[in-house]
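Okay, here's what each chain looks like letter by letter:
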Amino acid sequence: MMNRPIYLDYNATTPVDPRVLETMLPWFSEQFGNAASRTHLFGWEAAEAVENARRQVAQILGAQEKEIVFTSGATESNNLALLGSFEASPSKKHFITVQTEHKAILDVCQYLEKQGAEVTYLKPDAQGLITPQQVQETIREDTLLVSVMWANNETGVIQPIREIGQICRNAGVLFHTDATQAVGKLPIYVEADFIDLLSLSAHKLYGPKGAGALYVRRKTPLAIQMHGGGHERGRRSGTLNVPGIIGLGKACELSYQAFHTEIKRLADLRDYLERTILEFIPNVQVNGSVIHRLPHVSNLAFGAIDGEALLLNLTKIAVSNGSACTSASVHPSHVLKALGLSDELAHASVRFSLGRFTTAEEITLAIQYVTDTVATTRATFISLS
Ligand SMILES: *Cc1c(COP(=O)(O)O)cnc(C)c1O
């Protein structure tokens, strides 16, 4: 088999943990029941396993089981949260979000604007942070909902969620957070954090793709976005993805148990990677706050280099860079642009995101490899320019 690159792109997706896979497998075949079948053992077993998964998801959030709605992932959860709120409260039309949100928020906001909503996009500072005061000052009489991502997928920057939540609750404004990158990596207590709606996805925490959840605080008005059958207390119809949901539940349980040891191990590895690169490669900067940041992410901007050439040359590690491909062209990342980076530096930025199966040996190899590749790429860049 071909030597595969070292995987350092856990923020894009994670492999399914073998223990998660093992838990899921019977639910594809022997235990294939429809969780909505009330008349026989097949259905009862599936329904019971789904309720067990609901407990596991609720636990990692500090939520109640009945506040968990299973979805197909964070994109759907974000859509349900924002569109569902909009439709349920026709008298309020103003939304507040942040320029550095995921497309699964920004594109929904654009759609809302076409439906008559008004959206304020808060600008973060050069560290990628917004302040609770910014939110406070932007809230209006007709503000319906504030949506702030907990931790950024590109930079790992963590927003002051509890303080923002408190402001929203005091003002009677709904607070949604896309916590896809935070779940399993940060302590979350939806009650103490004043959260009304929270999105998460299984495949970012060692569960399967195509499964996720939306936490909906009790009594939060939310209009149905998927009609038919009345599954999930009427909030999201469709036959439940039983193996996916069970995988999500198990993934939450494992992350919850391993939380403290895993965070420490990843922070040590990430710091080793970042410290060594900054020490040995000149003209490199960290993108985003180094204090308010996820422990496993390092987003680095390499100066004096052709970013496209750098990424093309980095074939032995699997990483993301500061460019977003759309069908027609390559754009610099909107997140890095919002932090004030030039197009050139954004294109020459590399996101390293480590995870459960990353080893110290892999990091040592990656450091050596990045150091060499940056040096050779810079040499050609300079001779060309
Ligand atoms: C991956 C990701 C999403 C999309 O999640 P899916 O489950 O793939 O739809 C949304 N928001 C953030 C922050 C993400 O990292």
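Up top is the structure.
Residues numbered from 1 in each chain as written. Predicted model: local features only at pLDDT ≥ 70, side-chain atom pairs only at ≥ 80, totals over all residues. Heavy atoms only, no water.

**Some points on the overall build of the chain**
Then step 1. Each helix and strand counted, the chain has 11 helices and 15 strands in total.
Then step 2. Radius of gyration (C-alpha) of the chain: 22 Å, near the 21 Å computed for a compact globule of 385 residues.
Then step 3. Structurally, the chain occupies a C-alpha span of about 70 × 55 × 40 Å along its principal axes.
Then step 4. Relative to all contacts within the chain whose residues are 6 or more apart in sequence, the contacts with residues 24 or more apart total 73%.
Then step 5. In the structure as shown, the chain presents an accessible area of about 17100 Å², 56% of it carried by carbon and sulfur atoms.
Then step 6. Across the chain, the mean location of the 34 positive side-chain charges is 3 Å away from that of the 39 negative side-chain charges. (Helix = DSSP H or I, 4+ residues; strand = E, 2+ residues; numbered from the N terminus. Rg over C-alpha atoms; globule rule 2.2 N^0.38 Å. Contact = heavy atoms within 4.5 Å. Areas by Shrake-Rupley, 256 points an atom, 1.4 Å probe, with all protein chains shown as cover. Lys, Arg positive; Asp, Glu negative; His and termini not counted. Charge placed at Lys NZ, Arg CZ, Asp CG, Glu CD.)

**Regarding a nonpolar patch on the surface**
Then step 1. Taken together, the side chains of Val-16, Leu-21, Leu-25 and Phe-28 present a nonpolar region at the surface, about 360 Å² in accessible area.
Then step 2. Tracing the backbone shows Leu-21 in helix H1 (residues 18-24).
Then step 3. A relative accessible area of 40% means that Leu-21 is categorised as partly exposed. (Patch = residues over 30% accessible without salt bridge, like charges linked within 9 Å, V, L, I, M, F, W, Y side chains within 5 Å. Salt bridge = Lys/Arg side-chain N within 4 Å of Asp/Glu carboxyl O. Buried < 20%, exposed > 50% of the residue type's maximum accessible area, 1.4 Å probe, protein only.)

**What about the environment of Gln-368?**
Then step 1. Structurally, Gln-368 can be placed in helix H11 (residues 360-384).
Then step 2. By relative accessible area, Gln-368 is classed as partly exposed at 48%.
Then step 3. Considering only alpha carbons, one finds Gln-368 and Ile-277, 91 residues apart in sequence, at a separation of 8.8 Å.

**Brief notes about the pairing of strand E4 (residues 118-122)**
Then step 1. Where strand E3 (residues 94-98) lies against E4, 5 bridges are found, and the strand directions are parallel. Residue pairing across strands places His-94 opposite Glu-118, the latter belonging to E4.
Then step 2. Regarding the hand of the β-α-β motif, the stretch spanning E3, helix H4 (residues 103-114) and E4 is right-handed. (Pairing = 2+ DSSP bridges. Right-handed = clockwise from strand over helix to strand, strands pointing away.)

**Considerations on the packing of helix H3 (residues 74-88) against H4**
Then step 1. Two elements in contact, H3 and H4, have axes separated by 9 Å at closest approach and are oriented at 30°. Classified by the angle between their axes, H3 and H4 sit roughly parallel to one another. In the crossing of H3 with H4, the sense of the turn from one axis to the other is right-handed. The segment H3 lies against H4, with Thr-75, Asn-78, Asn-79, Leu-82, Leu-83 and Phe-86 engaging Ala-104, Ile-105, Val-108, Cys-109, Tyr-111 and Leu-112.
Then step 2. A class-by-class count of the residues in the contact of H3 with H4 yields 9 nonpolar, 3 polar and no charged. (Axes fitted to C-alpha atoms, helices over the stretch in contact; angles between N-to-C directions. Parallel < 35°, antiparallel > 145°, perpendicular 65-115°, else oblique. Left-handed = near helix turned anticlockwise from the far one by under 90°. Nonpolar A, V, L, I, M, F, W, Y, C, P; charged D, E, K, R; others polar.)

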